[in-house]
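Structural overview
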Amino acid sequence: MTLTVRQHRDDAALKEGLLLVDGQWRQGASTWTHHHPATGEEVGTFAVAGAEDVDAAVRAARRVFDESPWPSMRAGERCRLLRRCSDLLREHADELRALQALDNGVPLSFGTVYAASVDIAADVFDHHAGWIDKAGGDTLPPYQGGDHLAMTFREPVGVVAAILPWNAPFLLFAQKLAPALAAGCTVVLKPSEYATFSVLRMVELLLEAGVPEGVVNVVTGPGDPTGEALITHPMVDKVSFTGSRETGRRIVEASAGTMKRVSLELGGKSPAIVFPDADVGLAGMTTMGMVTLGLSGQACVAHSRALVHRDAYDEFVGAAEMIAGSVTYGDPFDPAVLSSPLINAKQLDRVVGFIERGQQEGARLVTGGGRPDGDLAAGHFVQPTIFADVDNAMTIAQQEIFGPVLSVVPFDDEDDAVRMANDSEYGLGAGLYTSDAKRAFRVARRIRTGTVGINGFNVEPHLPFGGFKESGLGREGGRSAFEAYTELKTVLLPLGDEMI
Ligand code: NAD
């Protein structure tokens, strides 16, 4: 039987997707029809915001920030508002997971894994609700001269353009919206054109929770024209972006004109480093699981480059191969399905191109490398793939593939492993596998990445998350994420006749 998501689409009663400007839902300059990545079927149509729509959304956000009481709402009231957002997200978790499966083809089974769940999104709102009444500053002593008071205050940064990728809409929606609302900013949100319906529903829930009109505005559509109009708009104070390095570079360029604040969560080529004293089987299964289960390797933190000591090499590859053989993909609504299609035809071609390149450059294809046929042929599926005997300089060890492909590179000693781990333009995450605690901390400190997991890896609301090098600017999660939506102001008051 041919795979179809038609029934689920009808059950979800998908509404036409509209723009949200100043509390009103409205049509855009044109429309976009979303096709399902697992079946190619039409899922639904949503508005594409043109430059005029984006301008209206930004002006609404500007006016509400500059003229309404929103930025100075009392801490207790703001805290209760964020907690209502959290409660409503939790109550609608099943509905949101189904919408996500229609958007990006991520299976329902993966939508319950904490880092990909609605639960973590709700927890992120709760976490940032907790910072609201702690947004204090310092009182500083005079450095020289006459007596005076010097105080610092945290103030909201202003109008935030929040731009999301398609692969983790729950977590990333929350990681941008929650700290922005907690700090008192207004937002113009642009979801990915490949995960729009689930995000629109989350926005409806924020409105239901009581977020005032014009505080959150939504412009749907692709990078061109919608994203471009947003990042170049002079009334935007900050761009908070998660997505590819290429788009991140464009945002940095576009922000220069009005010196917008910029937070970037970009890609990675994160290493798993496996020493022979580790539970090597567990390391192989965990690493291959990150690259194939759930998002089919389309995760920024996937440990897609395994650096494995020669003494552990065969055991590691064997364990990874076992996981590759057990990954199920297909109908995202089938609870037995554990992994996703690639998001679109462009990404499919890209991944297939990397697999060909790996073979041309001399890596050994252990398993996978092809595409399923039959019922799954219309979807963007690629088999879980392992390359062994990879040299760290090869394309498949250096470039972010963003697909179910693991490159396994052998190493001889700790220095060799650290050198190769750091020989990357990226610096997002890393996994260390060893039973030697001293080695674990020694190596963790030497790795140039934003997060290092020792014998395990997770993303949680209170933990700073982000990248060194070309993996990004700034951190999401935790106090630093909240502070990134504020400006620090210093106020000076002489207490006598002279300041200095
Ligand atoms: P993408 O850069 O193609 O798109 C991301 C968003 O940017 C989308 O909303 C898109 O419409 C928009 N966009 C595209 N061009 C734009 C432009 N010129 N101006 C403004 N907006 C524009 O990325 P993607 O394919 O959606 O996501 C995959 C990438 O995201 C991968 O590189 C992955 O590693 C990265 N990612 C990083 C994290 C993280 O936390 N570090 C999390 C998830 C994904």
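Given the structure is predicted, the values throughout are model-derived calculations rather than measurements.

**So, the site of the ligand**
Looking at the ligand, there are 29 residues lining it, with Leu164, Glu193, Ser244, Thr247 and Glu400 nearest. Glycine 243 places a main-chain nitrogen or oxygen 3.2 Å from an oxygen atom of the ligand. Between the ligand and glutamate 400 there is a distance of 2.6 Å, counted from an oxygen atom to a side-chain nitrogen or oxygen. Out of a free accessible area of 850 Å², the ligand has 87% covered by protein chains. Listed by contribution, the elements that provide at least two residues to the shell around the ligand are α8 (223–231), β10 (238–242) and α9 (245–255). A per-element tally of the shell around the ligand places α8 first, with 4 residues. In terms of residue class, the shell around the ligand is built from 14 nonpolar, 9 polar and 6 charged.

**Digging into the environment of alanine 312**
Mapped onto the fold, alanine 312 is located in the loop between β13 (305–309) and α11 (313–326). A relative accessible area of 1% places alanine 312 in the buried class. Here the alpha-carbon distance between alanine 312 and alanine 345, two residues 33 residues apart in the chain, equals 37 Å.

**Side note on the sheet that holds strand β6 (residues 148–156)**
Ordered in space as β5-β6-β22, the 3 strands form an open sheet in which the pairing is antiparallel. Edge positions in the open sheet fall to β5 (139–140) and β22 (486–494), since each of these has one partner strand only.

**Some remarks on the UniProt feature "active site" (unreviewed entry) in the protein**
Mapped onto the present numbering, the UniProt feature "active site" (unreviewed entry) falls on Glu265. Tracing the backbone shows glutamate 265 in strand β11 (residues 261–265). Excluding anything up to four places from it in sequence, glutamate 265 contacts Phe241, Thr242, Gly243, Leu428, Phe465, Gly466, Gly467, Ser471, Gly474, Arg475 and Glu476.

**Digging into the pairing of strand β8 (residues 186–190)**
Most of β8 sits out of view: 5 of its 5 residues are buried. Residue alternation in β8 divides its side chains into two sets, Thr186, Val188 and Lys190 and Val187 and Leu189, and both sets are buried. Strand direction decides the pairing type here: strand β7 (residues 159–163) and β8, joined by 5 bridges, are parallel. Bridging from a neighbouring strand, alanine 161 pairs with valine 188 of β8.

**Details of the pattern of salt bridges**
As a working rule, side chains carrying opposite charge can pair if their charged atoms are close by. Following the criterion strictly, the structure yields 37 salt bridges and no others. Between glutamate 483 and arginine 154 there is a salt bridge, and its shortest N-O distance comes to 3.6 Å. Here glutamate 483, found in helix α16 (residues 478–483), pairs with arginine 154, found in strand β6; they are 329 residues apart in sequence, far enough to count as distant. Owing to a relative accessible area of 24%, glutamate 483 belongs among the partly exposed residues under this scheme. The salt bridge involving glutamate 414 is made with arginine 439; its shortest N-O contact spans 3.8 Å. In this pair, glutamate 414 sits in helix α14 (residues 414–422) while arginine 439 sits in helix α15 (residues 437–446), placing the two residues 25 residues apart along the sequence. By the burial criterion, glutamate 414 is buried, and arginine 439 matches it. Beyond isolated ion pairs, a larger network of salt bridges with shared partners links Asp277, Glu414, Asp415, Arg439, Arg442 and Arg446.

**A word on the packing of aromatic side chains**
For the structure shown, the criterion picks out 7 aromatic pairs. Aromatic pair phenylalanine 125 and phenylalanine 173: ring centres 6.4 Å apart, planes at 40 degrees, arrangement tilted. Taken together, the positions of phenylalanine 125 in helix α5 (residues 118–129) and phenylalanine 173 in helix α6 (residues 169–183) put the pair 48 residues apart, joining distant regions of the chain. Phenylalanine 173 shares its class with phenylalanine 125; the two are buried. Residues tyrosine 329 and phenylalanine 381 carry aromatic rings whose centres are separated by 5.5 Å and whose planes lie at 25 degrees to one another, so their mutual orientation is stacked. In this pair, tyrosine 329 sits in the loop between α11 and α12 (345–360) while phenylalanine 381 sits in the loop between β14 (364–367) and β15 (385–388), placing the two residues 52 residues apart along the sequence. Residue classification places phenylalanine 381 among the buried residues on the basis of a relative accessible area of 1%. Grouped by ring-pair contacts, the aromatic residues Trp32, Phe46, Tyr194 and Phe197 constitute a single cluster. The aromatic ring of tryptophan 70 is capped on one face by arginine 78, whose charged end is 4.4 Å from the ring centroid.

What counts as what
One numbering rule holds for all chains: residues counted from 1, following each sequence as written. This being a predicted model, a pLDDT of at least 70 is required before a residue's local features are given, and a value of 80 or more before pairs of side-chain atoms are given or counted; all residues contribute to the totals for chains, interfaces and linings. The basis for every side-chain value is the complete set of heavy atoms in the structure, and neither hydrogens nor water enter the calculation. Whether a residue is near a molecule or strand is decided by its heavy atoms; if any one of them lies within 4 Å of it, the residue is near. Whenever a nitrogen or oxygen atom comes within 3.5 Å of another N or O atom, the pair is scored as a polar contact, on the condition that within protein one atom can donate a hydrogen and the other can accept it, and that pairs from neighbouring residues in sequence are kept only if both atoms are in side chains. Here the Shrake-Rupley method, with its probe set to 1.4 Å, supplies the accessible areas, and only the displayed protein chains count as covering residues. Strands here are runs of E lasting at least two residues and helices are runs of H or I lasting at least four, both read from the DSSP assignment and numbered beginning at the N terminus. Three classes are used: nonpolar for Ala, Val, Leu, Ile, Met, Phe, Trp, Tyr, Cys and Pro, charged for Asp, Glu, Lys and Arg, and polar for all others, with Gly counted as polar. Burial classes: relative accessible area under 20% of the type maximum marks a residue as buried, over 50% as exposed, and values in between as partly exposed (1.4 Å probe, protein chains only). We call two strands paired when DSSP finds no fewer than two bridges between them. UniProt positions are given in the numbering used here, feature names are shortened, and annotations may be inferred rather than shown by experiment. Throughout, a contact is declared for two residues whenever any of their heavy atoms are within 4.5 Å. Salt-bridge detection follows one rule: a side-chain nitrogen of Lys or Arg within 4 Å of a carboxyl oxygen of Asp or Glu. Stacked, edge-to-face and tilted are the three classes for Phe, Tyr and Trp ring pairs, Trp counted by its six-membered ring, which pair at centre distances within 6.5 Å; planes under 30 degrees apart are stacked, over 60 edge-to-face, the rest tilted. Ring-over charges, as used throughout, are those where CZ of Arg or NZ of Lys falls within 6 Å of the ring centre and within 35 degrees of the ring normal.

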